[in-house]
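Here is how the chains run, residue by residue.
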Amino acid sequence: MSGLVAPDGTITRHSGRHVHANDGPGHVIRTLARSARSCLEDSSERPVAVGVAVAAQVDPRTGTVVHAPNLGWRDVPLARRVEEELGMPVVVINDARAATIAEWKYGAGRGARDLFCLFLGTGIGGSAVVGGRLLDGGTHALGEVGHITVVVGGRRCHCPNWGCFEAYAGGWAIAERAQEAIRADPIAGKSLVERAGSPQAITAQTVFHAYRTGDPLAGRIVRETERFLADGVISIVNAFNPSVLILGGGLLSGMPEFVPVVESAIRARCQPPAAGAHVLVARLGENAPLVGAAKFARAPNLG
Ligand SMILES: [Zn+2]
């Protein structure tokens, strides 16, 4: 999706949909450029800068996507290629960092000097603001908390590691865990398969819907996911000591019950000074990466 974003973070015009990367970078870049152009049609407003948010590790100096395991991209010069399409300067930023900027400047974290934004979606990502500064890291990849280990020698992740937080509690992993549970017990999994149409079509949202109808296998997957979420979040809160933990992402839209589970785990099991972190739900929803990328393009120092 593309949008024109005003200095106060409001989207004054938008076009297109969230782009999925299954068709490869060329298709995605052309779709992106088309939706950006359509935002500018019939508009007297001209953007001062263009920001692109992408689920990837990004080199912000060059706007190159270094590695995007969930998209299957490597070394894609995204900023240069979008610049060629649009004829104006483009910056590229990791989507979780962009969403964190948006929640910090315009959303649930407004005014906070120390916060952590944790986004639970297909993957798990986040970003930290400490002392009023968005942390960056030596290779601009700080906040990849989906890849902290929660199970020693555990499930294979999309990254080079095993046992990652995301490999249990990310949307893709919830789907995989459900599919494995069905292979192990096809009778218990029958209604979940019928609901999705086939085992391969099962997603995290299928599991959540089935859970709401009292499906025992879905219930087991949800309970296990809660435990992985609690373990992951406790490590993050102990490590970053945020005053505010903001939770967002598509998994929470399907399962808002995860929020109180996470909050009580923090109160009960974090180091006492960190255990008081306020837990808030992200306010900007799926527009957060767009709004944050625009802010980053307008003011890279985030002032
Ligand atoms: Zn990983």
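Here, every reference points to the structure presented above.
Model, not experiment: these values are computed from the prediction.

Student: Teacher, can you tell me more about the sheet that holds strand β5 (residues 64-68) here?
Tutor: Each strand in a sheet pairs with its neighbour through backbone hydrogen bonds, running either in the same direction (parallel) or in the opposite one (antiparallel). If you walk across this open sheet you meet the 3 strands as β4-β5-β6, and the pairing is antiparallel. Taken across any chain shown, the strands that pair with only one partner, and hence form the sheet edges, are β4 (57-59) and β6 (73-76). The sheet shows a mean angle of 20° between the axes of neighbouring strands, direction not considered. Relative to β5, β4 is paired through 3 bridges, and the arrangement is antiparallel.

Student: So what exactly am I meant to see when it comes to the coordination of the zinc ion here?
Tutor: Ideal geometry at a metal centre gives angles of 109.5 degrees when four donors are arranged tetrahedrally and 90 or 180 degrees when six donors are arranged octahedrally. The zinc ion binds to the protein through H147 (ND1), C157 (SG), C159 (SG) and C164 (SG), with metal-donor distances spanning 2.0 to 2.3 Å. Given 4 donor atoms and angles of 103 to 120° at the metal, the environment of the zinc ion is assigned as tetrahedral. Classification of C164 as buried rests on a relative accessible area of 0%.

Student: Even after reading the chapter, I still don't get the pairing of β5, so can you show me in this structure?
Tutor: The side chains of a regular strand alternate between both faces of the sheet. With 4 of 5 residues buried, β5 is to be regarded as a mostly interior element. Counting the residues between successive antiparallel strands, the hairpin from β4 to β5 contains 4 residues, one of them, G63, with a positive phi of roughly 70°. The pairing of β5 with β6 spans 3 bridges and is classified as antiparallel. Counterpart to A68 in the pairing with β6 is W73. The antiparallel hairpin formed by β5 and β6 contains 4 residues in its connecting segment, where G72 sits at a positive phi of about 75°.

What counts as what
Residues numbered from 1 in each chain as written. Predicted model: local features only at pLDDT ≥ 70, side-chain atom pairs only at ≥ 80, totals over all residues. Heavy atoms only, no water. Pairing = 2+ DSSP bridges. Helix = DSSP H or I, 4+ residues; strand = E, 2+ residues; numbered from the N terminus. Axes fitted to C-alpha atoms, helices over the stretch in contact; angles between N-to-C directions. Donors = N, O, S within 2.8 Å, 3.2 Å for Na, K, Ca; no water. Tetrahedral: all angles 85-135°; square planar, octahedral: opposite > 155°, others 65-115°. Buried < 20%, exposed > 50% of the residue type's maximum accessible area, 1.4 Å probe, protein only.

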